[in-house]
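# Close look at the chain arrangement
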Amino acid sequence: MEYTNRLQNVAVLGAAGKMGSGILLLTAVEMANLRLKPENKDKAFSLYAVDVSDQALEGLIAYVRKQVTKIAEKSIVSLRKAYEDHKNLVENGEIIDQYVDDVVAIIRPTTRMESAYDATLVFEAVNENPDLKVKLLSQIEENSSNDPWYFTNTSSVPIHSLDERIRLGGRIIGFHFYNPPAVQKLVELIPAKNTLKEVQEFAMQYAKALKKIVVPSNDIAGFIGNGHFMRDALFGIQEAERLAERKGFVRSVYAINKVTQDFLVRPMGIFQLIDYVGIDVVRYILQVMNPHFDENLHSPLLDRLYEMGVTGGQNSDGSQKNGFLKYEKGKPVAAFDPDKQDYVSFDSFKEEEDRILGELPASWSPWKKAVRSTAKDQLFSGYFSDLKKANTTGSELAFRYGRKSRNIALQLVEQGVAHNKEDVNTVLMTGFFHAYGPVNKYFE
Ligand code: 3HC
């Protein structure tokens, strides 16, 4: 079966979820683009968006419409060409509306798993629960006569374990997008030892069509992305707990979040990122990873927050839920005190904590500016050299963190998870939108 035929009948499981909605969007666009090619005009394309809630599926279509409109506005020149036979479409707006309708027309939202039985390609983006993944994929296997290929978005479960438990004979590959899939350029590709060669070749072709950067990872729990992120997050928690002995937990969370965002010039501080991914999700990922390593990849604090119902993650309208931090208009304004089981506003201590951390050097640039800079090495060499000289509390915490992040990256190469340090840097820069990779000369 060639590339286009494989993409005629596709299902996304967990399509209304955070990752599933992005995967569905990108796949719908690729399928619509194939559909628009003259040689495919007689072919039918169906994309089953499978999820448990009708309401969430309605929200999904609204999300797709909005995002496809943005995509169409950016590619109006090629769309004009694609629709040149449609003489009734004159204005750009008419072409954009038609394209949005054409993309949405391919999507079949459904709460019935049975719809996935017709698929030749299945994207799996359900909860990070190995048993659930096995159950759903086994159900398709038992009822499908297509020998479908499975692209799992698991971020932690070893692919060979799914292959063996479901007896797929190599028709599965780890195809791991990063959040949000429409924005992050990375796809981490994880073939199991016996993943079929043709599945791997198709995966590369599909990733290229989506204009993604592909980094291969070995099939070891957590792969490169979460191999780094989970240890980075645990270090953040450990640092906050260490500082808490002196200044209390809430102020420590504020300080470490500020250091990891502003001082390290990252898009989000570590506690904001844990909330963004979800405290519950981070905890599941750690549970999957922990048995595979000698280290203790576990945080009792995450268990405690989870048990209190403090989970982070997103509401169905995409807005951020409270977690370690409380959000107003998407911005953190308070930190959670687990003893009081309540949030404490930053206003009550921000000024004092900022003074303790110290000023950022004049050579500092905010992440949004730094990430677009064409002279990043010069920018960061100057900034980190000035930060070191500043010798403030913020500088000391930032260097501790930067060195730890570097060591985690090198550990992933030593453990044979990543092929080389450049791959770890690419994962952090294209999956987590970092402006520089963790293996660098600034933190040697
Ligand atoms: N879908 C589509 N587009 C989105 C989006 C979404 N869900 N969320 C944000 N965007 C777009 C915005 O519309 C905006 O587009 P524009 O430039 O055309 O207006 C652009 O992204 C930037 O968004 P904002 O201006 O609102 O905010 P920021 O500049 O702060 O960027 C961010 C938001 C891209 C999320 C950035 O903060 C970021 O990259 N943060 C780090 C996220 C990260 O680390 N992700 C990886 C998590 S780990 C993971 O995914 C693995 C998992 O398996 C655990």
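Located above this text is the structure these notes cover.
These notes cover the structure that comes with them.

Criteria and thresholds
Every chain begins its residue count from 1, and numbering advances along the sequence as written. Thresholds applied to this predicted model are a pLDDT of at least 70 for local features of residues and 80 or more for the giving and counting of side-chain atom pairs; totals over whole chains, interfaces and linings are not thresholded and use all residues. In computing side-chain properties, one takes all heavy atoms of the structure into account and sets aside hydrogens as well as water. Here, strands pair whenever DSSP counts at least two bridges between them. Labels follow the DSSP assignment, with helices taken as runs of H or I lasting at least four residues and strands as runs of E lasting at least two, numbered in each case from the N terminus. For helices, the axis comes from a line fit to the C-alpha atoms of the stretch in contact; other axes are also lines fit to C-alpha atoms, and the angle between any two N-to-C directions lies between 0 and 180 degrees. An angle counts as roughly parallel when it lies under 35 degrees, as roughly antiparallel when it exceeds 145, as roughly perpendicular when it falls between 65 and 115, and as oblique in every other case. A contact between two residues is defined here by any heavy atoms of the two lying within 4.5 Å. Just so you know the grouping, Ala, Val, Leu, Ile, Met, Phe, Trp, Tyr, Cys and Pro go in nonpolar, Asp, Glu, Lys and Arg go in charged, and all remaining residues, Gly too, go in polar. Each Phe, Tyr or Trp ring (for Trp, its six-membered ring) is paired with any other whose centre lies within 6.5 Å, and the angle between the two planes then decides the class: stacked below 30 degrees, edge-to-face above 60, tilted in between. The buried label goes to any residue with under 20% of its type's maximum accessible area, the exposed label to any with over 50%, and the partly exposed label to all in between, with areas taken from a 1.4 Å probe on protein chains only. Distance and angle both matter: a charge sits over a ring if NZ of Lys or CZ of Arg is within 6 Å of the ring centre and within 35 degrees of the ring normal. Near residues are defined by distance, with any heavy atom within 4 Å of the molecule or strand qualifying the residue. Definition of a polar contact: a pair of N or O atoms within 3.5 Å, with one able to donate and the other able to accept a hydrogen when the atoms are protein atoms, and with sequence-neighbouring residues admitted only if both atoms are side-chain atoms. What marks off one domain from the next here is an automatic or database domain assignment. For this document, the term salt bridge refers to a Lys or Arg side-chain nitrogen within 4 Å of an Asp or Glu carboxyl oxygen. Working definition: the arc comes from the directions between the helix axis and the C-beta atoms, pointing outward to the latter. The crossing is said to be left-handed when, going from far helix to near helix, the turn is anticlockwise and less than a right angle, and right-handed when the turn is clockwise.

Moving on to the sheet that holds strand 9 (residues 325–328). The strand order across the open sheet built from three strands is 9-10-11, with neighbouring strands paired in antiparallel fashion. Here the strands that pair on one side only, and so sit at the sheet edges, are strand 9 and strand 11 (342–345). Taking the axes of each pair of neighbouring strands and ignoring which way they run, one obtains an average angle of 40° across the sheet. Relative to strand 10 (residues 331–337), strand 9 is paired through four bridges, and the arrangement is antiparallel. In the sheet register, lysine 326 faces strand 10, and the bridge partner there is alanine 334.

With that out of the way, let us pick up the packing of helix 2 (residues 18–35) against helix 5 (residues 92–106). Running from N to C, helix 2 and helix 5 cross one another at 110°; their axes reach a closest spacing of 9 Å. When the axis of helix 2 is compared with that of helix 5, the two are roughly perpendicular. Residue-level contacts link Ala28, Val29, Met31, Ala32 and Asn33 of helix 2 to Tyr99, Val103 and Ile106 of helix 5. Within the contact of helix 2 with helix 5, the residues separate by chemical class into seven nonpolar, one polar and no charged.

Here we come to unusual backbone geometry. Proline 180 follows asparagine 179 through a cis peptide bond whose omega is -5°. A positive phi angle is found at asparagine 391, which is not glycine, with a value near 55°. Here asparagine 391 lies in the loop between helix 16 (376–390) and helix 17 (393–414).

Turning our attention to the packing of aromatic side chains. Using the criterion set out here, one finds 31 aromatic pairs in the structure. On the basis of an interplanar angle of 45° and a centroid distance of 5.4 Å, the ring pair of phenylalanine 123 and tyrosine 206 is categorised as tilted. Highlighted residues: phenylalanine 123 in strand 4 (residues 121–124) and tyrosine 206 in helix 8 (residues 197–209), separated in sequence by 83 residues. Each member of the pair, phenylalanine 123 as well as tyrosine 206, is classed as buried. Site record: aromatic cluster; members linked through ring pairs are Tyr3, Phe123, Trp149, Phe151, Phe175, Phe177, Phe202 and Tyr206. The positively charged end of arginine 231 is found above the aromatic ring belonging to phenylalanine 293, 4.8 Å away from the centroid. The lysine or arginine in question, arginine 283, covers the ring of tyrosine 306, its NZ or CZ lying 4.0 Å from the ring centre.

The next point concerns the site of the ligand. Surrounding the ligand, one finds 23 residues, the nearest of these being Tyr63, Lys70, His176, Asn179 and Lys368. Lysine 368 has a polar side-chain atom sitting 2.7 Å from an oxygen atom of the ligand. Only helix 3 (54–74), helix 11 (270–277) and helix 15 (367–370) provide two or more residues apiece to the shell around the ligand. Residue composition of the shell around the ligand, grouped by class: 14 nonpolar, seven polar and two charged. Three or more residues apiece are contributed to the shell around the ligand by two domains, here domain 1 (3–216) and domain 2 (225–431).

A word on the pattern of salt bridges. If charged atoms from side chains of opposite charge come close, those side chains can pair. One pass over the structure, following the stated rule, counts 23 salt bridges. Between arginine 171 and glutamate 141 there is a salt bridge; the shortest N-O distance is 2.8 Å. Of the two residues, arginine 171 sits in the loop between helix 7 (159–166) and strand 6 (172–177) while glutamate 141 sits in helix 6 (residues 130–143), which places them 30 residues apart along the sequence. Relative accessible area serves as the criterion here: at 10%, arginine 171 is assigned to the buried category. Between aspartate 339 and arginine 304 there is a salt bridge, and its shortest N-O distance comes to 2.8 Å. Placement of the pair is aspartate 339 in the loop between strand 10 and strand 11 and arginine 304 in helix 13 (residues 300–307), with a sequence separation of 35 residues. Each of the salt bridges in this network shares a partner with another, and the network as a whole consists of Lys247, Arg251, Glu352 and Glu353.

What follows covers the pairing of strand 10. Once strand 9 ends, the chain turns through two residues before running back antiparallel as strand 10, passing lysine 329 with a positive phi of about 50°. Bridge analysis of strand 10 against strand 11 gives four bridges, and the strand direction is antiparallel. Bridging across to strand 11, alanine 334 finds its partner in serine 345. The turn linking strand 10 back onto strand 11 is made up of four residues, and glutamine 341 within it adopts a positive phi angle of 55°.

Quick look at helix 7 now. Turning to helix 7, its buried residues are Ile159, Leu162, Asp163 and Ile166. All buried residues of helix 7 lie within an arc of 100° about the axis, which places them on one face of the element. Buried-residue contacts for helix 7 involve helix 6, strand 5 (149–152), strand 6, strand 7 (186–191) and helix 9 (223–247). Phi for arginine 167, located one or two positions after helix 7, is positive at around 55°.

Now for the environment of serine 161. Within the secondary structure, serine 161 sits in helix 7. Serine 161 sits in the partly exposed class, given a relative accessible area of 21%. For the pair formed by serine 161 and proline 130, sequence separation is 31 residues and the distance between their alpha carbons is 9.0 Å.

So, about the side chain of arginine 266. In this structure, arginine 266 sits in the loop between helix 10 (249–263) and helix 11. Side chain to side chain, arginine 266 and serine 405 meet in a polar contact 3.4 Å long. Not counting the four nearest positions on each side in its chain, arginine 266 is found in contact with Asp232, Thr260, Gln261, Trp367, Tyr401, Ser405 and His434.

Let us now look at the environment of glycine 174. Assignment of secondary structure puts glycine 174 in strand 6. Not counting chain neighbours up to four residues away, the residues in contact with glycine 174 comprise Thr152, Ile159, Glu188, Leu189 and Ile190.

What follows concerns the packing of helix 3 against helix 5. Taken N-terminus to C-terminus, the directions of helix 3 and helix 5 make an angle of 135°; their axes are 9 Å apart at the nearest point. Between helix 3 and helix 5, the crossing angle belongs to the class labelled oblique. Handedness of the helix 3/helix 5 crossing: right-handed. On helix 5, the residues touching Ile61, Val64, Arg65, Val68, Thr69, Ala72 and Glu73 of helix 3 are Ile96, Tyr99, Val100, Asp101, Val103 and Val104. In the contact of helix 3 with helix 5, the residues fall into nine nonpolar, one polar and three charged.

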